[in-house]
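# Observations on chain architecture
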Amino acid sequence: MAAAAASARGGGEGASAGGREQTAAFESPIYVTGSPCAFSPHDRRLLALSGPDGRLRVWETASSRLHHEYVPSAHLSAACTCLAWAPPGVGGGRPPPSKEGPQRKKRKSEIVEAAEQLDLLAIGTAVGGILLYSTVKGELQSKLNGHDNKINCIRWHQDNGCLYSCSDDKHIIEWNAQTCKVKCKWKGDNSSVSSLCISPDGKVLLSAGRTIKLWDLETKEVYRHFTGHATAVSMLRFITMWPPAENQPFDGITGLYFLSGAMHDRLLSVWQVRSDRKEKNAVINFTITDEPIHIDLTISESKEQPVKIAVVCRDGQLHLFEQVLNGYCKKPLTSKYTIQIATPGEENNSTPKPVPILAAAFCSDKESLLLVYGNSLHPVIEKVTLNTTERHICFVRDIQKTLTLKTEMAITKVKTPIINSEVKTLVPGIPGHSSAVKSSVCRDKNKRKTDGKEESIEDRLSAMDIDVMKVKPPSGGLPQTDNFAVLLVQGLESSDSVILNKVLQTKKEAVIKKTVARIPVYSVIPLLHELTKRLQGHPYSASQMVRWLKPVLTMHASYLSTLPDLASQLGTLYELMESRIKTLQKLSRLHGKLYLIITQVAALEKVQDVPDIDQTAKLVYEEESSEDGSDDEMAAERDSDVSKVKCLS
C-alpha cells in the first residue's frame, strides 16, 4: 500500500494516488477526538482549528502558515466546543447602505474599509458564552451571553447576518450580530439540542435533539419531525438547492434533502423533506467505518447533478461518496474512495504507521480536496486531486521530516555541546527535551572486550547507580518507599503490568507521596501516560489513580512547566479531566489551584526549615549626656532626681 501512493507537494499542487485494497496493513488505527475546526466559506482560504491546549489557531491552507493565534486568558478561558465562520460582508464594521436620500460618492477611506472587512469567527464555549473573534484585527470583537450550558452548534444566516446557536440548556437562540442581543429564544427540545442547520434559501431551520425538527424561521413553528437515529445527532447539512416556489415557503420544500450523522453510528442518513407531512424513513444510507467527526459536501443545484460528500471518521479515515438523489435506495451505499495517510515504515519494519486525517474540504473546482492531517497543534494541509480507479488510497507522507524542515531555520543558532565518554551528564531522556549529542568516538555494540570477560548483571546495575539488594523486598513486609520508586521505574521502562499493579494499588498516601518524590524526572511523563490509561478504565481503578495523579502534578509542577510540548503529550489527560469536572467546573478549578498553592507552600517551609528568631539584643548602645549643657538643664535633672527619691520614700 505504501508504494502505491505518490508524493505530493504541500500547499496547492495536486497529486494522483493509487492503492491496494488491503487496508489492514497498518499497525493499529489511531482514534481522534475531533477538535473543533471550520474552513472559511467559499474560498477555503483559512482553517480555524482549536487544539487541546485551549488556543485557537487560524492557518492558511495554501501555505500551511500560521495566520493568527488567539490565546484566551488563563482564569477566564473555557474550552472551545464549536466554530463557525461568518458569511462575507457580516460584521464589516460599516453600517448597511441607506436606501433613503441621494447616493454620494464614497471616499477613499471607505473603499479601503470595504475591501478589508472583518472576517468574523464565532466561537462556542463549554460555559455557554459565544465569542466573536476578528481574524483581521486579531482580537475579540464582542461576547454573546444567553445560554446557561455548553454550546453545541453555531450557524450563520446567509442573508440577514443573524446567528443561531443551540445548547445543552434545551434552547435555541437567534442573535443580532450587530447589536449582540437576543432576537428570539425558544425551547428546541425536551433534552439537549445538539446540532443546527439553515436551508440554502434561509427560510427553514433544522434542529437535532431526541428527534430532528424542521422549523419555520418566521413563525418559529415545527413543520416536520424526523426519527431514525438511536443516539444523539451530531451533524446536520442540507445537500440540495433546488428552486422552490415563490408563493409559499413550503410549496417547493419537496425538493429539499438533508444529511444527518449521529454519535457512535456508522451510518449517514439522507432525508427528503416532503410537503405531505407524512412520516418517512431515510431515503439513502451511507456506510462508514466509524463515527463521523467532520463532513464537507458539494450542494446539488439540479436533479441531475450528483452530490459529493467527504466524511472524516473517528478512526482517521476519509470516505468520499458520490450519488444522484433520484429516489429511495434500499441497501446502504459504500464509499467511492477511501483515503488514508501513513508514514513510511522504519528500516527494520516495513509496516506503515497510520496518520489520522483531522478534516477535509472540497476546493472551488469540486474535484480537488484539502486534506488536514497529523497533529491538531501543528497540522499539515495538502491539496490533492484523485484520478485513479482504485477504491482504497493511501498517501505516504513523512510528517516528522516535513515539520522538521519548517522549524529547522528557527533553531540554527542554537548549539548543543558535544559530550565525550568521560563526562557523566544528567539529561531527561523523554520527548520534549533535547538529549545530549553522542561522542564522536563510536563503539561497536557487538564487539566484546579484548580480555574475553563480560560484565555481570550485578556490575551493570551498579554502574547504573541501582542498588541490587534494594530491589528485593524484605521478608515479611511490603517494600519500602525507595524500593517502590525503583520498582515503579522498572515497571514503566519494561511495561510490566505485574510490577505496575503491585505499586499503583497501594492506598497509603504517605507511601504514594514519598514514592512520587523519589522517582527520577525522566519517569514523570511515562507515569502520567500510565495513569491516563488506567483512568479510562473501571471507576474503582480511576479513583485509585487519582491518589497518584495529584502528588505527581503538584510535586513535579516546576519540571512539567519546562516541557515545550507538554500540551500535546498530556492532551488526552486534559480532555479526560475536563469531561469529568464539567459539572462543577469553577469549583474544581478553584480547589485545584488552592491545593497546588498549599502543597507548594508546605514543601517550601519544610525545605527551608527556618529556626526561631532570637529576640535577645546582642549589643546595646547608650548615648552619653553632653557636658556642655546649660545650668538650667542640670538643675532640672537634679529636681527630677529629688522628686523620684521622695516618691520612693
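Per an unreviewed UniProt entry, the recorded name for the protein is WD repeat domain 43, and the organism is Pseudonaja textilis. You can read under Sequence similarities (unreviewed entry) in the UniProt record for the protein the words "Belongs to the UTP5 family." As recorded by UniProt, the Subcellular location (unreviewed entry) comment attached to the protein reads in full: "Nucleus".

With that settled, consider the overall build of the protein. A tally of helices and strands in the protein yields 14 helices and 29 strands. Within the protein, the proportion of its 649 residues that are buried is 39%. Sequence separation of at least 24 residues holds for 54% of the intrachain contacts in the protein that already meet a minimum separation of 6. As presented, the protein carries roughly 39100 Å² of accessible surface, and 52% of it is formed by carbon and sulfur atoms.

Turning our attention to a nonpolar patch on the surface. On the surface, a nonpolar cluster with roughly 420 Å² of combined accessible area is contributed by L587, L590, L594 and I598. Structurally, L587 can be placed in helix α13 (residues 585-608).

Another aspect to go through is the side chain of S40. Tracing the sequence through the fold places S40 in the loop between β1 (37-39) and β2 (46-50). Of the polar contacts made by the side chain of S40, one reaches the side chain of D43; its length is 3.3 Å. Setting aside residues no more than four positions away along its own chain, S40 makes contact with R45, L46 and W85.

So, on to the confidence of the model for the protein. The predicted model of the protein averages 75 in pLDDT, with 67% of residues at 70 or higher. Confidence, expressed as mean pLDDT per element, reaches its minimum in the protein at helix α1 (residues 108-115) with 42 and its maximum at strand β10 (residues 163-167) with 95. Counting contacts from residues 245-252, a segment whose pLDDT is below 50, to residues more than four positions away or on other chains yields eight contacts. Confidence over residues 407-420 falls short of pLDDT 50; this stretch has 11 contacts with residues more than four positions distant or in other chains.

Along the chain, the position of F258 falls in strand β18 (residues 256-262). Along the primary structure F258 and V270 are separated by 12 residues, whereas in three dimensions their C-alpha atoms are 5.7 Å apart. Beyond its immediate stretch of four places on either side in the chain, F258 contacts L206, I212, F226, L236, R237, F238, I239, S269, V270, W271 and V273.

It is worth spelling out helix α7 (residues 509-518) at this point. Those residues of α7 lying buried are V511, I512, T515 and V516. Take α7 and look down its axis: the buried residues cluster within an arc of 125°, on one side only. In α7, the exposed residues that point more than 90 degrees away from the buried face are E509 and A517.

The strand order β1-β2-β3-β4 describes an open sheet built from four strands, whose pairing is antiparallel. In this open sheet, the two strands that pair with only one neighbour each are β1 and β4 (65-70). For this sheet the average axis-to-axis angle between neighbouring strands, irrespective of direction, equals 20°. Of the strand pairs in this sheet, β2 and strand β3 (residues 56-60) are connected by five bridges, and their pairing is antiparallel. Bridge pairing in β3 places A48 opposite V58.

In this model, S64 sits at a positive phi of 55°, which is unusual for a non-glycine residue. Relative to the assigned elements, S64 resides in the loop between β3 and β4. Here S64 falls in the buried class, since its relative accessible area comes to 9%. Even without being a glycine, S495 presents a positive backbone phi close to 55°. By the element assignment, S495 lies in the loop between α5 (481-494) and α6 (497-504). Under the relative-accessibility criterion, S495 is labelled exposed at 61%.

Now for the nonpolar core. In terms of nonpolar packing, the biggest core is built from 29 residues, with L488, L504, L527, L528, L531 and W548 touching the most fellow members. Among the elements of the structure, α5, α6, α7, α8 (524-535), α9 (539-555), α10 (557-560) and α12 (571-580) are those that each provide at least two residues to this core. The element best represented in this core is α8, accounting for six residues.

A word on the environment of L320. You can see L320 is positioned in strand β23 (residues 318-323). Overall, the relative accessible area of 8% leaves L320 in the buried class. It is 9.8 Å that separates the C-alpha atoms of L320 and D296, two residues lying 24 residues apart in sequence.

Right, let's get into the pattern of salt bridges. Taken as a whole and judged by the stated rule, the model has 12 salt bridges. Measuring nitrogen to oxygen at the nearest pair gives 3.6 Å for the salt bridge that ties R45 to D43. The exposure class of D43 is partly exposed, given its relative accessible area of 48%. Ionic pairing is found between E382 and R397, a salt bridge with its closest N-O pair at 2.8 Å. Residue E382 is located in strand β28 (residues 379-385), and its partner R397 is located in the loop between β29 (392-396) and α2 (399-407); the two are separated by 15 residues in the primary sequence. Among the charged side chains, a network of salt bridges with common partners joins R55, R57 and E69.

Calculation criteria
- Residues numbered from 1 in each chain as written.
- Predicted model: local features only at pLDDT ≥ 70, side-chain atom pairs only at ≥ 80, totals over all residues.
- Heavy atoms only, no water.
- UniProt positions renumbered as here; feature names shortened; annotations may be inferred.
- Helix = DSSP H or I, 4+ residues; strand = E, 2+ residues; numbered from the N terminus.
- Buried < 20%, exposed > 50% of the residue type's maximum accessible area, 1.4 Å probe, protein only.
- Contact = heavy atoms within 4.5 Å.
- Areas by Shrake-Rupley, 256 points an atom, 1.4 Å probe, with all protein chains shown as cover.
- Patch = residues over 30% accessible without salt bridge, like charges linked within 9 Å, V, L, I, M, F, W, Y side chains within 5 Å.
- Salt bridge = Lys/Arg side-chain N within 4 Å of Asp/Glu carboxyl O.
- Polar contact = N/O pair within 3.5 Å; in protein donor to acceptor, adjacent residues only side chain to side chain.
- pLDDT = per-residue confidence, 0-100.
- Arc of directions from axis to C-beta.
- Pairing = 2+ DSSP bridges.
- Axes fitted to C-alpha atoms, helices over the stretch in contact; angles between N-to-C directions.
- Core = buried A, V, L, I, M, F, W, Y, C linked by side-chain atoms within 4.5 Å.

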